[in-house]
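# Descriptive analysis of the structure
So the chains spell out like this:
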Amino acid sequence: MTTPDAKPDLATLDDDQLISQRATLRARLEQLPPQARKRTALAQRHDALTREYDRRARAAWRPAETQPGGTRQREQADSAGQQP
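None of the values given here were measured: they were computed from a predicted structure.

Counting its regular elements, the protein contains 3 helices and 0 strands. The linear arrangement of helices and strands in the protein, starting from the amino end, is α-α-α. Burial status across the protein gives 21% buried among its 84 residues. Sequence separation of 24 or more characterises 45% of the internal contacts of the protein that already satisfy a separation of 6 or more. Total accessible area on the protein stands at roughly 6400 Å², and carbon and sulfur atoms take up 50% of it.

This is the structure we're talking about:
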């Protein structure tokens, strides 16, 4: 298990790790005084985790026909005589 201070590639974290790290960082940020030295680095890490979380959510909620290999892309490829 990675710690919130570790900086693995966010795309390699599974969903549970991503959510857990984000929650842990948020809790730590809430406890730190506004002028704490570590606050900026923790806030940047939390923001990066939030962006990755949002990216995954957008991908999960995107209609199937717009996802790679989705119905719409297959139809377009078929009409152009290409493989999707």
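Our next topic: the side chain of Arg45. Looking at where Arg45 falls in the secondary structure, it is placed in helix α2 (residues 39–61). For Arg45, a relative accessible area of 10% gives the class buried. A polar atom in the side chain of Arg45 sits 3.1 Å from the side chain of Gln21.

Packed helices, taken two at a time, are described by the angle between their axes plus the distance between the axes. For the pair helix α1 (residues 15–31) and α2, interaxial distance at closest approach is 9 Å and the crossing angle is 145°. For the element pair α1 and α2, the recorded crossing hand is left-handed. Residues Asp15, Leu18, Ile19, Gln21, Arg22, Leu25, Arg26, Arg28 and Leu29 of α1 form the contact with α2, whose own contacting residues are Arg39, Leu42, Ala43, Arg45, His46, Leu49, Thr50, Glu52, Tyr53 and Arg56. Residue classes in the contact of α1 with α2 are distributed as 8 nonpolar, 3 polar and 8 charged.

Looking now at the environment of Glu52. Assignment of secondary structure puts Glu52 in helix α2. Classification of Glu52 as buried rests on a relative accessible area of 9%. Each C-alpha atom of the pair Glu52 and Asp15 lies 10.0 Å from the other, and the pair is 37 residues apart in sequence. The contacts of Glu52, once residues within four sequence positions are left out, are Leu10, Ala11 and Leu18.

Evaluated as defined, the whole model comprises 3 salt bridges. Glu52 is the salt-bridge partner of Arg55, the closest N and O atoms lying 2.6 Å from each other. Taken as a pair, Arg55 and Glu52 lie in helix α2 at a separation of 3 residues, close to a single helical turn. Residue Glu52 is joined to Arg56 by a salt bridge in which the shortest nitrogen-to-oxygen separation is 2.8 Å. Here Arg56 and Glu52 lie together in helix α2, a separation of 4 residues that amounts to about one turn. Classification of Arg56 by relative accessible area gives buried; the value is 16%. Taken together, the shared-partner salt bridges in this structure form one network comprising Asp15, Glu52, Arg55 and Arg56.

The rules behind each value
- Residues numbered from 1 in each chain as written.
- Predicted model: local features only at pLDDT ≥ 70, side-chain atom pairs only at ≥ 80, totals over all residues.
- Heavy atoms only, no water.
- Helix = DSSP H or I, 4+ residues; strand = E, 2+ residues; numbered from the N terminus.
- Buried < 20%, exposed > 50% of the residue type's maximum accessible area, 1.4 Å probe, protein only.
- Contact = heavy atoms within 4.5 Å.
- Areas by Shrake-Rupley, 256 points an atom, 1.4 Å probe, with all protein chains shown as cover.
- Polar contact = N/O pair within 3.5 Å; in protein donor to acceptor, adjacent residues only side chain to side chain.
- Axes fitted to C-alpha atoms, helices over the stretch in contact; angles between N-to-C directions.
- Left-handed = near helix turned anticlockwise from the far one by under 90°.
- Nonpolar A, V, L, I, M, F, W, Y, C, P; charged D, E, K, R; others polar.
- Salt bridge = Lys/Arg side-chain N within 4 Å of Asp/Glu carboxyl O.

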